Amino acid sequence: MWLRALKRYNDINNAVKDFGSHFYAEDCFPDLFPLQVRIFVSWETSSLVAKISLKENVADFYKKACDIFNSEHNPVHIWDFSGQTTQFFINDKVSFPNNSTGQPKEVLLELQVHGFSDFVRVNGSNKMITDRSQMECSSHSGSVMMNGSTDHVIPHVTATNYFQGSSYRAIRSLGLTGLQNLGNTCFMNSAIQCLAHTPKLVDFFLGDYRKEINYENPLGMNGELALAFGDLLRKLWVPGARPVAPSMFKMKLANFAPQFSGYSQHDSQELLAFLLDGLHEDLNRVKRKPYHEVKDADGRPDEEVAEEYWRNHLARNDSIVVDLCQGQFRSTLVCPVCRKVSFTFDPFMYLSLPLPSTTIRTMTVTVMSTDGITFPIPLTVTVPECGTLEDLIGTLSVSCSLRDDETLLVAEIYRNKIFRKYGPSDSLADIRDQDTLVAYRIQKYNEASPLCFFVHERLVENSAKEGIENRLFGIPVVASLSSISCGYDVRKEFLKLINPFLLPNEDMLDEYDEDDGVNKKLSEDDGLADMTSSAAMGSNADSNSGTEDDIHMCADFEFYLPAGSGIENVKITLSEPLPVTVLSRDLDVFVLWSDKMLKKYDTYRLGSLPEVFKTQLLTKRTQESVSIYKCLEAFLKEEPLGPEDMWYCPTCKKPRQATKKLDLWRLPEILVVHLKRFSYNRFFKNKLETFVDFPINDLDFATYVTHRKSQSSKRYVLYAISCHYGGLGGGHYTAFVHYGHDKWYEFDDSRVAPASEDMIKTSAAYVLFYKKV
């Protein structure tokens, strides 16, 4: 009761704009909680009867307040500073002023409650609170008779409480208490501080909330989570409290949501969702949840259907969390086949708004040509965040001017091998920013024209094994198998593919020919007459008629079919057909480079491959900025359901990929807005540093609420923010809280410091808390 009294005064005090006036000076602090009672004067009994209208102003709560402050239970003294009661009793007889008719007289009387210790510690010494010194109410002193007894006012009690030093500062800093970091618990501290300054929720937990605990709800924690949160909240609102260690609360939360056990970093919005859900279940006023069958709209007005849905929801869910934080969506589903339209009205606890930049994605892909002329070109394109490879291929086709007879084969390169080949229907969400992608420009082919993938190898010394081993390098190159029938064809296609990487050395041809010792005539039948590469002429591939020629050619490149292709690591002989009976599928060929060839080609460029997205580039780009209204519009726009979220059409009797449209129907008193800065899938997560411009004093949702007949306010003011700084894995959470008139404070674990409005408008803003006005 005492905590509620302090907070109530604090709220009123902060609402006064002129905080620096003499009335609120540090040497003159008004009553914290002036109680008003009615005194009934009865002429029949010659007595005064005091009645306190507020039910919570009873002795039991006074004793609880004393327990909180470890104070002894001193008697409660009520002093009359009005001077009105003494005039009623003269010589023990009732005397009514102004010739009263003798009926019971009702007098409004302001009382002051004392009973706590008279001394507080200031700067290490005991110093008396001067609310019982410097008598200033001699003109108001008198006696008060309660139920026939008379007592005299102590002559040194004042009508106004005076607080000095730390006593005033402690009360002035109500709620400005930090939370200790238990080890990567900043995400939890940030969310708790925002809830610990949520209007009405704080008043609820500072009151007698235990009477609303639902011990029978199997979905709850038998009230343990609510009790732990309520106890933590009270500790945060005790005047002059030191930073609190939320160990017990964390343990109870982990029992409800085991994923928050341990000391790993988590998402503050995810914790907030579980916490609100857990508090709701512990405080659900519904002991037995009834069953309600969902009825179809059947052409009924939206207002009627929405109200029916809301009544059914409240019949099963009724708590302080529902009262404050839950609103209602209107969800519209349209079947793409029969055009069946379905309306449902679903509750929501918060709005998870996508950032417009989360709907698109920037990707860098290296395009490799097979014409034997063009170098690999890295292209950066913009594609839908939730798109498919077909979207990426379409954008790349325009960027690289793809011909009609060409197509693109997109593959992921990992450790110098093709790790995965993507199909047009594969999701872009499966591609990580750290991946390296290659799009091969190849002729449109069919099953009769499979592909040959050349993987580069070279010999390197292995110091650990004291020997030589084969090691992969570079980017694999691709050729069509339509014209390949023997080893010479394999060599010819490979030399053509790597021709752009040939180093410009004028002496290369002469030097290479001298090594041969002879000049050999190039046969057109060998298929090498049209080669433009000087390396092809000097590669000992001048003839296909002798064993010596084969030896020379093998000294440059050696080709192998790896194990697992139906044969075991077989070397391809240039003058013989391929050791594959039917070329009906793609073929992998390993190419062993000689030291001489490694020097004649630009192997660095052959292996240069950028990542899909470099996060470092984000800091160099101009700060992205978007309005929160644009985020809301992106959230409310119509979009098709994903293949994994098919809707069962009641008319077609089949699952359909329907289009879905969300609309705001009922707005909650406390609106929690989650900005989706993180994107997750089974492989990775990303964070966006987009600056969201959100209003502080006037968030107006009037144009976005579909329920036009609703009379409730649609305007909000900001009162708290949960912020996330830094990157993924190593980030840090803090909170900003509005405290009184134009005053903001930053809560950084144990540290609490004043902040300005300029500080809270940051790209770190993650979860916004608004209250309705």
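None of the values given here were measured: they were computed from a predicted structure.

Moving on, we get to the overall build of the protein. On a plain count of helices and strands, the protein comes out with 20 helices and 39 strands. The 773 residues of the protein split such that 48% are buried. For the protein, long-range pairs separated by at least 24 residues make up 70% of all intrachain contacts whose partners lie at least 6 apart in sequence. A total accessible area of about 39,000 Å² is found for the protein, and carbon and sulfur atoms account for 50% of it.

Next up on the list: the packing of aromatic side chains. Each aromatic ring pair is characterised by the separation of its centres together with the angle its planes make. This structure, assessed with the given rule, holds 28 aromatic pairs. An angle of 55 degrees between the planes, with centres 6.0 Å apart, marks the rings of tyrosine 309 and phenylalanine 345 as tilted. Taken together, the positions of tyrosine 309 in helix 9 (residues 302–316) and phenylalanine 345 in strand 13 (residues 341–348) put the pair 36 residues apart, joining distant regions of the chain. Residue classification places tyrosine 309 among the buried residues on the basis of a relative accessible area of 14%. Here a set of aromatic residues connected by ring pairs shows up, and it is made of Phe454, Phe473, Phe494, Phe557, Phe559, Trp593 and Tyr601.

In this structure, serine 401 takes a positive phi of about 55 degrees despite not being glycine. The residue serine 401 is located in the loop between helix 11 (389–399) and strand 17 (406–414) in this model. Its relative accessible area of 54% is what places serine 401 among the exposed residues.

Within the element layout of this structure, alanine 411 appears in strand 17. Residue class for alanine 411 comes out buried when judged on its relative accessible area of 0%. As a C-alpha pair, alanine 411 and glycine 423 span 12 residues in sequence and 9.2 Å in three-dimensional space. When residues no more than four places from it in sequence are discounted, the contact partners of alanine 411 are Ile418, Arg420, Lys421, Tyr422, Thr436, Leu437, Val438 and Tyr440.

Attention now moves to empty space enclosed by the protein. According to the stated counting rule, one finds five cavities of 30 Å³ or more in the structure shown. Empty space within the largest cavity amounts to approximately 70 Å³. Forming the boundary of the largest cavity are Met368, Ser369, Thr370, Thr374, Phe375, Pro376, Tyr440, Val477, Val478, Leu497, Pro500 and Phe501. Class assignment of the residues belonging to the lining of the largest cavity gives a composition of nine nonpolar, three polar and no charged.

Our focus in this paragraph is the pairing of strand 37 (residues 744–748). Counting buried residues along strand 37, four of its five residues qualify, which places the element largely inside the surrounding structure. If you look at the hairpin formed by strand 36 (residues 732–738) and strand 37, you'll find five residues sitting between the two strands, and glycine 740 has a positive phi there, around 80 degrees. Two strands pair when backbone bridges link them, and strand 37 and strand 38 (residues 751–755) are joined in this way by five bridges, in the antiparallel orientation. Within strand 38, the position partnered with tyrosine 745 by the bridge is proline 754. In this antiparallel pair of consecutive strands, strand 37 and strand 38, the connection spans two residues, and aspartate 749 shows a positive phi of 55 degrees.

When a strand is regular, its side chains alternate between the sheet's two faces. By the criterion of burial, strand 39 (residues 765–772) is predominantly enclosed, with six of the eight residues buried. Of the pairings in the sheet, the one linking strand 30 (residues 670–676) to strand 39 comprises five bridges and is antiparallel in character. Paired with valine 673 across the two strands is leucine 768, which belongs to strand 39. Strand direction decides the pairing type here: strand 35 (residues 715–725) and strand 39, joined by seven bridges, are antiparallel.

Counted under the stated rule, the structure contains 29 salt bridges. For arginine 666, the salt bridge is made with glutamate 307, and the minimal N-O distance between the two is 3.4 Å. Of the two residues, arginine 666 is situated in strand 29 (residues 659–666) and glutamate 307 in helix 9; the sequence distance between them amounts to 359 residues. With a shortest N-O distance of 4.0 Å, aspartate 430 and arginine 420 are connected by a salt bridge. In this pair, aspartate 430 sits in the loop between strand 18 (417–421) and strand 19 (437–443) while arginine 420 sits in strand 18, placing the two residues 10 residues apart along the sequence. We classify arginine 420 as partly exposed; its relative accessible area is 25%.

What follows is about the sheet that holds strand 21 (residues 467–480). Strands sit in the order 21-20-24-22-23 across an open sheet of five strands; the sheet is mixed. Of all strands in the sheet, those bounded by a partner on one side alone are strand 21 and strand 23 (570–571). Here 11 bridges tie strand 20 (residues 451–462) to strand 21, and the two strands are oriented antiparallel to one another. By the bridge assignment, valine 460 is partnered in strand 21 with glutamate 469.

Conventions we followed
- Counting of residues starts from 1 at the beginning of each chain's written sequence and follows it residue by residue.
- Residues qualify for local features only when their pLDDT is at least 70, as the model is predicted, and side-chain atom pairs are given and counted only at 80 or more; totals for whole chains, interfaces and linings, by contrast, use all residues.
- Excluding hydrogens and water, the side-chain values take into account all heavy atoms of the structure.
- Each helix is a run of H or I in the DSSP string that is no shorter than four residues. Each strand is a run of E no shorter than two, and both are numbered from the N terminus.
- For every residue, the accessible area (1.4 Å probe, protein chains only) is compared with the maximum for its type, and the residue is labelled buried under 20%, exposed over 50%, or partly exposed between those bounds.
- Whether two residues touch is decided by their heavy atoms; if any such pair falls within 4.5 Å, the residues are in contact.
- Each accessible area is a Shrake-Rupley estimate made with a 1.4 Å probe; only the visible protein chains count as cover when residues are assessed.
- Aromatic pairs are defined between Phe, Tyr and Trp rings, using the six-membered ring for Trp, whenever the two ring centres lie within 6.5 Å; interplanar angles under 30 degrees are classed as stacked, those over 60 as edge-to-face, and all others as tilted.
- With a 1 Å grid spanning the protein atoms alone, the term cavity applies to any set of points in which a 1.4 Å probe fits but cannot get out, the term pocket to an open set with protein on both sides within 12 Å along at least five of seven lines, and the term lining residue to any residue with an atom within 4 Å of a point.
- Grid points are joined across faces, edges and corners, and a volume is the space filled by probe spheres set on the points.
- Classification used: nonpolar for Ala, Val, Leu, Ile, Met, Phe, Trp, Tyr, Cys and Pro, charged for Asp, Glu, Lys and Arg, polar for all others including Gly.
- At least two DSSP bridges between two strands are needed for those strands to be called paired.
- We count a salt bridge whenever a side-chain nitrogen from Lys or Arg sits within 4 Å of a carboxyl oxygen from Asp or Glu.

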